[in-house]
Amino acid sequence: MDKAKPFTISKRQVWEAYKRVKANQGAAGVDGQSIVGFEEDLENNLYKLWNRLASGSYFPPPVRRVEIPKEDGRETRPLGIPTVSDRVAQAVAKAYLEPEVETHFHPDSYGYRPGKSAIEAVGMARQRCWRYDWVLDLDIRRYFDSIDHELLMRAVRRHTDCNWVLLYIERWLKAPVQWEDGTLEPREQGTPQGSVISPLLANLFLHYAFDTWMRRNYPHIPFERFADDAICHCESEVQAKALRAALERRLVDCGLELHPQKTKIVYCKDDDRRGNYPEEKFDFLGYTFRPRRSKNRWGKYFVNFSPGVSNAATKAIRRAVRRWRLGCRVDKRIDDLARMLNPIIRGWLNYYTRYYKSALYPTLQHLDRHLARWAMRKYKRLRRHRRRAEQWLRRVVRRQPSLFAHWRVLHAVAGR
C-alpha cells in the first residue's frame, strides 16, 4: 500500500477485480480494446489504473451504447458497454460496496445477488400462485434509463461513507454515452445496463423504492423481484387493483413509471378456481405461468396453474439454433458438433426443464431437425432424403443416447 495516496485502494484489489472481469469476458468499449488487447500490456495497464484510482484522478471514459434484440424479437434493449479498464475499476468498487448492502436486501429480491437465482424466484412464484388467486405482474418502463441519480446516491450514502466509492459512483453515473455514430450524449439520469456496477446500484434503488415500501405498507402481500421484474400475490382482484394504484403513485414519487400496457392483473385459474377473466397467464423470467394439464401422484389428471418455458424463450432458442448455421459445418463430425453445442444446450435444459419440461420438447425436436438437415448436407446418400436423414439420426441416438445433452430428455420420452 502506498501511504502517499489519498485513497486506500490496494493493488491486490485491482488484481482481483481484473480476474473477475476476465472471467466474464465481454465486448470492447469505446476504445476498441478487448480483454486480449488489454492483456498485451497487462502489468502496466493495471498499474496505471490503480495509480489513478488511488490518487483520485480516475475519470471514466464514455460508455458505448448498443441495442440488442429482446427475447420477443420485436423490441430492443439498450446496453452500455464500458471499456475493459473501466470494468475493472467498477469491479473494485462493487467488491467493496456489495458486502455493505447485501445483508440489508429483501429475501425475495433475487436478481444479481450471490446465492440467489432466477430459477429460485420462479419456484417461489409457483408455490405462491397455488396459495393466492391473483397476481399483479409489474413492468417498470425503461427502468435502467430512468433511475434518479440524487435518490440513488442518497441510498448509497446510507450504507457507506467511503469517499472514493462515493466519488467514483457519481462519476460513473455522469459518464456520457457514445452512440454508434460517435455522438456523445450526456446522462442526467439512469445507469447503463451492461456495466459491472449497474446491477448492484439498480438493486439498491429498488430496495428502497419497492422492497422496503412493500414491507412497510403491504407486509401481507408477498412478492418476487428479479431486478426490475416483479410479481405480487394478492388474495382478491380488489386488493390487486388497490396495490397497482398505490404502486403507481409510489413509483412516480421515485421518478419511475409503471408500463400501462405491460403491467397487468392476472387470475391464477385452476380446477378449484371458478370463473373466467381476461388475463389468466403471465410471463416471468423466461417462464409462462398459466393453467396446465398435470398428473398427480395417483395418476389422475387435473388443471394446475404452473410455469413452463415461454414462447419468447423458445423463439430465442430457435433463433440461436439458426445462427449456428449447421448446414455450413459439414467439415465437422457429429461428435465435434456435440462438443461445441452441448454447453449451450445444457444451459437451456438446466433452466427450462426445471418446471413442466414437456413444454420444451417441441423446441428440442426442432434442434433434431436441424441436425438431420446437417446430415443431408454432409452425406451424399442422404441428400434430398429428409426421412432417410431422420432415420439415420435416430440410429445415432440409439447407439449414443448421451451424445447430445438433450437426447436423454427428449428420446427417453419418445422411447416410452
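Sequence order sets the numbering: in each chain, residues are counted from 1 along the sequence as written. Since the coordinates come from a predicted model, pLDDT governs what is reported: local features require at least 70, and pairs of side-chain atoms require 80 or more to be given and counted, while whole-chain, interface and lining totals use all residues. In computing side-chain properties, one takes all heavy atoms of the structure into account and sets aside hydrogens as well as water.

Novice: It is not clear to me how the packing of aromatic side chains should be interpreted in this structure. Could you clarify?
Specialist: Think of a pair of aromatic rings as described by two things: how far the centres are apart, and how the planes are tilted against each other in angle. Two aromatic rings from Phe, Tyr or Trp, using only the six-membered ring of Trp, form a pair when their centres are within 6.5 Å; if the ring planes differ by under 30 degrees the pair is stacked, by over 60 it is edge-to-face, and anything between is tilted. Counted by the stated rule, this structure contains 26 aromatic pairs. Arranged with centres 5.9 Å apart and planes meeting at 40°, the rings of tyrosine 287 and tyrosine 352 form a pair that is tilted. Linking tyrosine 287 in strand β10 (residues 287-295) with tyrosine 352 in helix α12 (residues 334-352), this pair joins segments that are 65 residues apart in sequence. A single burial state applies to tyrosine 287 and to tyrosine 352, both of which are buried. Here a set of aromatic residues connected by ring pairs shows up, and it is made of Phe7, Tyr58, Tyr168 and Trp172. Just above the ring of tryptophan 50 sits the side chain of lysine 11; from NZ or CZ to the centre is 4.8 Å. Secondary structure elements follow DSSP: runs of H or I no shorter than four residues count as helices, runs of E no shorter than two count as strands, and numbering proceeds from the N terminus. Each residue's exposure class comes from its accessible area (1.4 Å probe, protein chains only) as a fraction of the maximum for that residue type: buried when under 20%, exposed when over 50%, partly exposed otherwise. Working rule: Lys NZ or Arg CZ, within 6 Å of ring centre, within 35 degrees of ring normal, means a charge sits over the ring.

Novice: So what exactly am I meant to see when it comes to empty space enclosed by the protein here?
Specialist: A probe matching the size of a water molecule, rolled over the atoms, marks out where space remains unfilled. Two kinds of site are reported from a 1 Å grid over the protein atoms alone, namely cavities, where a 1.4 Å probe fits but cannot get out, and pockets, open sets with protein on both sides within 12 Å along at least five of seven lines, and residues are called lining when an atom falls within 4 Å of a point. Grid points are joined across faces, edges and corners, and a volume is the space filled by probe spheres set on the points. Going through the model one piece at a time under the given rule, you end up with three cavities of 30 Å³ or more. One number sums up the size of the largest cavity: a volume of about 70 Å³. The wall of the largest cavity is formed by 14 residues, among which Gln90, Trp172, Arg187, Pro192 and Ser195 lie closest to the centre. Among the elements of the structure, α4 (84-102) and α8 (163-174) are those that each provide at least two residues to the lining of the largest cavity. Here the term charged refers only to Asp, Glu, Lys and Arg, the term nonpolar to Ala, Val, Leu, Ile, Met, Phe, Trp, Tyr, Cys and Pro, and the term polar to all other amino acids, Gly among them. For the lining of the largest cavity, a count of residues per class yields nine nonpolar, three polar and two charged. Of the volumes computed, that of the second largest cavity is approximately 60 Å³. Taken together, Leu138, Ile140, Leu206, Phe210, Arg225, Asp228, Ala230, Leu251 and Leu258 form the lining of the second largest cavity. When the residues that make up the lining of the second largest cavity are grouped by side-chain class, the tally is seven nonpolar, no polar and two charged.

Novice: Please clarify how the pairing of strand β3 (residues 134-139) should be interpreted in this entry.
Specialist: Within a regular strand, the side chains alternate between the two sheet faces. Counted residue by residue, β3 has six buried out of six residues, so it is predominantly covered. Neither face of β3 is open: one carries Trp134, Leu136 and Leu138, the other Val135, Asp137 and Asp139, and all of them are buried. Strands qualify as paired when DSSP identifies two bridges or more between them. Bridge count for β3 against strand β7 (residues 229-234) is six bridges, and the pairing is antiparallel. Bridge assignment links aspartate 139 to a residue of β7, and that residue is aspartate 229. Examined bridge by bridge, β3 and strand β8 (residues 264-267) share four bridges and lie antiparallel to one another. Within the sheet, the bridge partner assigned to tryptophan 134 lies in β8 and is tyrosine 267.

Novice: Would you mind going over the sheet that holds β10 with me for this structure?
Specialist: By definition, the strands of a sheet pair up through backbone hydrogen bonds, in either a parallel or an antiparallel sense. Across the sheet, three strands lie side by side as β9-β10-β11; this open sheet has antiparallel pairing. The sheet is open, and its two borders are formed by β9 (282-284) and β11 (301-309), each paired with just one other strand. The average undirected angle you get between the axes of adjacent strands in this sheet is 50°. As judged from the nine bridges shared by β10 and β11, these two strands associate in the antiparallel manner. Among the inter-strand pairings, tyrosine 287 is bridged to a residue of β11, identified as valine 309. As a rule, the C-alpha atoms of each element are fitted with a line to give its axis, helices using only the stretch in contact, and angles between N-to-C directions run from 0 to 180 degrees.

Novice: What should I look at first to understand the side chain of arginine 128 in this one?
Specialist: Looking at the secondary structure, you find arginine 128 in helix α5 (residues 118-131). Not counting residues up to four positions away in its chain, the partners in contact with arginine 128 are Asp108, Pro222, Phe223, Glu224 and His233. Residue contacts are defined here by distance: any two heavy atoms, one from each residue, within 4.5 Å place the two residues in contact.

Novice: Looking at this structure, how should I read the layout of surface pockets?
Specialist: Its volume calculated, the second largest pocket comes out at about 370 Å³. Around the second largest pocket sit 16 residues that line it, and Arg20, Val21, Asn24, Lys94 and Val196 are the ones nearest its centre. Where the lining of the second largest pocket is concerned, the elements lending two or more residues are α1 (11-24) and α4. Element by element, the count of residues in the lining of the second largest pocket is highest for α4, at five residues. Across the lining of the second largest pocket, the residue classes break down as seven nonpolar, five polar and four charged.

Novice: Got a minute to help me understand the nonpolar core in this structure?
Specialist: Across soluble globular proteins, nonpolar side chains show a tendency to be buried alongside one another. The set of buried Ala, Val, Leu, Ile, Met, Phe, Trp, Tyr and Cys residues whose side-chain atoms join them within 4.5 Å is what this entry labels a nonpolar core. The biggest cluster of nonpolar side chains holds 72 residues, and the ones touching the most others in it are Ile169 and Leu243. Ranked by residue count, the leading element in this core is helix α9 (residues 198-217), at eleven residues. Here isoleucine 169 is in contact with Leu97, Met153, Val156, Ile197 and Leu201, once residues within four sequence places are set aside. Membership of the second largest hydrophobic core comes to 56 residues, among which are Val122, Val135, Leu360 and Ala372.

Novice: Would you explain the sheet that holds strand β6 (residues 223-226) in this entry?
Specialist: Sheet architecture is open: four strands sit in the order β6-β7-β3-β8, paired in antiparallel fashion. The outermost strands of the open sheet, each flanked by one partner alone, are β6 and β8. Across the sheet, the mean angle from the axis of one strand to that of its neighbour is 15°, orientation sign disregarded. Across four bridges, β6 lies against β7 in antiparallel orientation. The partner of phenylalanine 226 across the bridge, within β7, is aspartate 229.

Novice: Please explain helix α7 (residues 149-157) as it appears in this structure.
Specialist: In an α-helix, one turn spans 3.6 residues; hence positions three or four apart end up facing the same way. Buried within α7 we find His149, Leu152, Met153, Ala155 and Val156. Seen from one end, α7 has its buried residues packed into an arc of 155°, which puts them on one side. Close packing links the buried residues of α7 with α8 and α9. The N-cap residue of α7 is aspartate 148: its side-chain oxygen and the backbone nitrogen of glutamate 150 are 3.0 Å apart. Summarising the geometry, the arc corresponds to the directions from the helix axis toward the C-beta atoms. Polar contacts, as counted here, are pairs of nitrogen or oxygen atoms within 3.5 Å of one another; within protein the pair requires one atom able to donate a hydrogen and one able to accept it, and residues that are adjacent in sequence qualify only if both atoms are side-chain atoms.

Novice: What is the right way to read the pattern of salt bridges from this model?
Specialist: Pairing between side chains of opposite charge can happen when the charged atoms of each approach one another. Whenever a carboxyl oxygen of Asp or Glu lies within 4 Å of a side-chain nitrogen of Lys or Arg, that contact is scored as a salt bridge. Evaluated as defined, the whole model comprises 21 salt bridges. Among the ionic pairs, glutamate 279 bridges to lysine 264, the shortest N-O distance being 3.7 Å. Of this pair, glutamate 279 sits in the loop between β8 and β9 while lysine 264 sits in strand β8, placing them 15 residues apart in sequence.

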